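Structure assessment
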Amino acid sequence: GWVDRFLTQLTTGTGFEELPPPAGLTATLRPYQVRGYSWLAFLRRWGLGACLADDMGLGKTVQTLALLLRDREAGEKRPALLVCPTSVVGNWAREAGRFAPGLPVHVHHGPKRAKTKAAFRAAANKAGLVVTSYGLLVRDRDVVEPVTWAGVVLDEAQTVKNPNTKAAQAARATTSA
């Protein structure tokens, strides 16, 4: 089945190729970032998730934005969900604006955030990326969960390493296709 095809492509080298950065990316990727972004795209093609474990400051954010931008440029209309610690919600929004200015971003945070399913869905559907925090993922789970996301990104995923926490359960309940 698909696992055999996947493993064959991995061992023969015919499936993984380095991809050019998406046209809308306003950054120059370093060679290891091109490999990382291409690897993410390769795994996504097979419906598999990944963990980027580069050291701090080596560009995990720009690799992730490159992947999301590539998907968007290929016709993906659904938004991706990015969950991160509250302290970096603003950083993600700024970095997306800087490196992927064509990727519409919605920040689901603060007292004026959408609190009903309809309002949240309307805001999410206008975005290519929805950024929220782990705390709000738990608190607003009933609003966030019904959306079928283009992808789900968990920044600082050690936050959900204990599968019994509410944050881990809420993260697993989000669906992407």
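Structure: see above.
Rules behind the numbers
Residues numbered from 1 in each chain as written. Predicted model: local features only at pLDDT ≥ 70, side-chain atom pairs only at ≥ 80, totals over all residues. Heavy atoms only, no water. Pairing = 2+ DSSP bridges. Helix = DSSP H or I, 4+ residues; strand = E, 2+ residues; numbered from the N terminus. Axes fitted to C-alpha atoms, helices over the stretch in contact; angles between N-to-C directions. Buried < 20%, exposed > 50% of the residue type's maximum accessible area, 1.4 Å probe, protein only. Arc of directions from axis to C-beta. Contact = heavy atoms within 4.5 Å. Core = buried A, V, L, I, M, F, W, Y, C linked by side-chain atoms within 4.5 Å. Phe/Tyr/Trp six-rings, centres within 6.5 Å; stacked < 30°, edge-to-face > 60°. Right-handed = clockwise from strand over helix to strand, strands pointing away.

**Here we look at the sheet that holds strand β2 (residues 105–107)**
- Pairing is parallel in the open sheet, where four strands are placed in the order β2-β3-β1-β5. Both edges of this open sheet fall to β2 and β5 (151–154), since each of them pairs with a single strand only. Recorded for the sheet is a direction-independent mean angle of 20° between the axes of neighbouring strands.
- Alignment of strand β1 (residues 80–84) against β5, held across four bridges, turns out to be parallel. Looking at β5, one finds that Leu81 is bridged to Val152.

**A word on helix α4 (residues 89–99)**
- The set of residues buried in α4 consists of Val89, Trp92, Ala96 and Phe99. For α4, the angular spread of buried residues about the axis comes to 115°, placing them on one side. Within α4, the exposed residues directed more than 90 degrees away from the buried face are Arg94 and Arg98.
- Along its buried surface, α4 packs onto α3 (60–73), β1, β2 and β3 (129–133).

**As for the environment of Ala27**
- By the secondary structure assignment, Ala27 is in the loop between α1 (2–12) and α2 (31–45).
- In the structure, Ala27 is positioned 72 residues away from Phe99 in sequence and 5.8 Å away in space, judged by C-alpha atoms.
- Excluding its chain neighbours within four sequence positions, the residues that come into contact with Ala27 are Val62 and Phe99.

**Brief notes about the nonpolar core**
- Among the nonpolar cores identified, the biggest contains 25 residues, and Leu25, Leu29, Leu65, Leu82, Leu103, Leu129 and Val131 are the most heavily contacted of them.
- Residue contributions to this core peak at six residues, all from α3.
- Ignoring anything within four residues of it in the chain, the contact list for Leu129 reads Leu65, Leu68, Pro79, Ala80, Leu82, Ala96, Leu103, Pro104, Val105 and His106.
- Counting 18 residues, the second largest nonpolar core, distinct from the first, contains Ala124, Val143, Trp149 and Ala168.

**Some remarks on the packing of aromatic side chains**
- Scanning the model with the defined rule gives two aromatic pairs in all.
- Arranged with centres 6.0 Å apart and planes meeting at 70°, the rings of Phe120 and Trp149 form a pair that is edge-to-face. With Phe120 in helix α5 (residues 117–125) and Trp149 in strand β4 (residues 148–149), the pair connects residues that are 29 residues apart, well separated along the chain.
- Residue classification places Phe120 among the buried positions, given a relative accessible area of 1%.
- For Trp149, a relative accessible area of 0% translates into the label buried.

**Focus: the pairing of β3**
- The buried fraction of β3 is high, at five of five residues.
- Across the two faces of β3 the burial is the same, with Leu129, Val131 and Ser133 and Val130 and Thr132 all buried.
- By the bridge criterion, five bridges tie β1 to β3 in an arrangement that is parallel. Paired with Ala80 across the strands is Leu129, a residue of β3.
- Examined bridge by bridge, β2 and β3 share three bridges and lie parallel to one another. When the sheet's bridge partners are listed, Val105 is paired in β3 with Leu129.
- A crossover links β2 with its parallel partner β3, the connecting element being α5, and its sense is right-handed.

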